[in-house]
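This is what each chain is made of:
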Amino acid sequence: MTPAIFGIAGTTLSANERAFFEDADPAGYILFGRNCESPDQLRALTDDLRTIHGRDKLLVSIDQEGGRVARLRPPHWAHYPSGESFDQLYRLAPASAIEAARVNAHAMGIELAEMGITVDYHPPLDVRQPGAHDVIGDRALGSEPMQVAALGRAILDGLGKAGVAGCIKHMPGHGRTTTDTHKAMPTVTASDEELEVDIAPFRALKAAPVGMTGHLLFTAWDKHNPATLSPFVIEEIIRQRIGFDGLLLTDDIDMEALDGSIPDRSERAIVAGCDVVLNCWAKLDDMTGIAQRLPAMSEAALRRLDIALAGTGKAPGGDKAELLAKRDSLLSLVEQSA
């Protein structure tokens, strides 16, 4: 199995994509808006992906946070609010905010599971910092670490109730960035002591099934390599200090924060200790280069993949309409208190 998650160009698999995926046997797939035209079409696509290697427990993933990061949108799918909505409610009524985040994620998970999706790259556990770039911004669950952890745990619980594995991101923390990593690599000069704030939510939720690195340079830990490509950050900070032993993915390896060719970056990420490379843009030349360059998935990574997918694929329980109504009732407390 190739330790990579690959994108798909359109709403159905092309003959070239199918032949490549049959040969490369990637760890999984990622979906974007370009792949999601209607519920019937999307379910047919994910069913088709499962036929390639006959794996019912298949990593089929998506970025569905709510707000501006939502690949499934109305009119075919429900609207979900950004993390800031739950942050605002938490400051007023913490228990209500936790319940709102849980039922929101449960409803979201039901929709994802119905589409054959097993992994959601959610929740972001990045602690919001004043003056930081808005690439995180209203996606954040708050600016206080334990609040972020409490809401993040509720999201993981809600997704899990629907048979979808959540993913904590972007380790070891994206909240201090002054740059959009899609365009350039941020340099974070905070001290090791200051960075305890950033890693605290990840440590609290270290038992999450899946985690994702961020493409940021932390000078306190590694002056030369961003977290995704840093053996020190991955082993000493993510695996040891945070204590995360789940499936560790890179953020999109195609982002301009990283330099070198896509296969070069991918190889460096695996050598540094990431389990799986995430490659989003469905460029066949890049995917072929990654598959040719990377070794087979390690036994440890395969074990983590199996554990991550163990609770997925079950029939999602719960009534989506009731869950969304409860969420809206709870979130309305903010307006009522204004």
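For the structure, check the block above.
Residues numbered from 1 in each chain as written. Predicted model: local features only at pLDDT ≥ 70, side-chain atom pairs only at ≥ 80, totals over all residues. Heavy atoms only, no water.

Caption draft 1: How the structure looks around the layout of surface pockets. In this structure, the largest pocket occupies an estimated 390 Å³ of space. Residue lining of the largest pocket: 20 residues in total, with Asp63, Arg71, Arg139, His182 and Met255 positioned closest to the centre. Going through the elements one at a time, β7 (165–171) and β11 (247–252) are the ones with two or more residues in the lining of the largest pocket. Looking at the lining of the largest pocket residue by residue, the classes come out as 9 nonpolar, 4 polar and 7 charged. Of the voids in this model, the second largest pocket is the one considered here, and its volume is about 150 Å³. As for the second largest pocket, its lining consists of 16 residues, of which Ala207, Ala208, Pro209, Ile307 and Ala308 are closest to the centre. Top contributing element to the lining of the second largest pocket by residue count: helix α10 (residues 299–309), with 4 residues. Looking at side-chain class alone, the lining of the second largest pocket contains 9 nonpolar, 3 polar and 4 charged residues. (1 Å grid on protein atoms, 1.4 Å probe; cavity = no way out; pocket = protein on both sides within 12 Å on 5 of 7 lines; lining within 4 Å. Points joined across faces, edges and corners; volume = space filled by probe spheres on them. Helix = DSSP H or I, 4+ residues; strand = E, 2+ residues; numbered from the N terminus. Nonpolar A, V, L, I, M, F, W, Y, C, P; charged D, E, K, R; others polar.)

Caption draft 2: Summary view of empty space enclosed by the protein. For the structure on display, the rule yields 1 cavity of 30 Å³ or more. If you add up the space inside the largest cavity, you get close to 40 Å³. Along the walls of the largest cavity sit Glu65, Pro81, Ser82, Gly83, Phe86, Ala101, Asn104, His122, Leu141 and Ile155, which together make up its complete lining. Contributions of two or more residues to the lining of the largest cavity are made by α3 (83–92) and α4 (94–114). Partitioning the lining of the largest cavity into residue classes produces 5 nonpolar, 4 polar and 1 charged.

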